[in-house]
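# Commentary on secondary and tertiary structure
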Amino acid sequence: MDWITMRLDKYLKVSRLIKRRTVANEACDAGRVFINDKPAKASANVKAGDKITIQFGNKEVKVEVLDVQETVRKEEAKELFRYLT
């Protein structure tokens, strides 16, 4: 199932890394979201294995995409990614 991709802004919302899609879009537009160390647009495709970096002010969150799903229950959202140090 590695071929499944999803728009970055939607993935950030579904995975609950960013609560709202509009906020995810703004973060992408502001150049604060990276896929595999490259600045990413909201429309960029995300797939399992990608590394996403999000800059929240002076805090940086790095995750590896483990799974891409259209919808997921709140409790299962954290299973879509794992934090990287």
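This write-up is about the structure you can find in this document. Residue indices begin from 1 for each chain and proceed along its sequence in written order. Since the coordinates come from a predicted model, pLDDT governs what is reported: local features require at least 70, and pairs of side-chain atoms require 80 or more to be given and counted, while whole-chain, interface and lining totals use all residues. The side-chain values count all of the structure's non-hydrogen atoms but skip hydrogen atoms and water molecules.

## Observations concerning helix H2 (residues 21-29)
Only protein chains enter the calculation, and the probe is 1.4 Å; a residue is then buried if its accessible area is under 20% of its type maximum, exposed if over 50%, and partly exposed in between. Secondary structure elements follow DSSP: runs of H or I no shorter than four residues count as helices, runs of E no shorter than two count as strands, and numbering proceeds from the N terminus. For H2, the full list of buried residues reads Ala24, Ala27 and Cys28. End-on view of H2: buried residues confined to an arc of 100°, all on one side of the axis. Turned more than 90 degrees from where H2 packs its buried face, Glu26 and Asp29 sit exposed. If you follow the buried residues of H2, they end up packed against helix H1 (8-14) and strand E2 (33-35). The first or second residue beyond H2 is glycine 31, which carries a positive phi of 75°. Read the arc as the range of directions from the helix axis to the C-beta atoms. The contact rule is simple, with two residues in contact once any of their heavy atoms fall within 4.5 Å.

## Quick word on the sheet that holds strand E7 (residues 81-83)
A strand pair is defined by DSSP finding two or more bridges across the two strands. In space, the 5 strands of this open sheet follow the order E3-E2-E5-E6-E7, with antiparallel pairing throughout. Here the strands that pair on one side only, and so sit at the sheet edges, are strand E3 (38-39) and E7. Bridging between E2 and E3 involves 2 bridges; their strand directions are antiparallel. By the bridge assignment for E3, isoleucine 35 is matched with lysine 38.

Remember that the coordinates give geometry; whether it matters functionally is a separate question.
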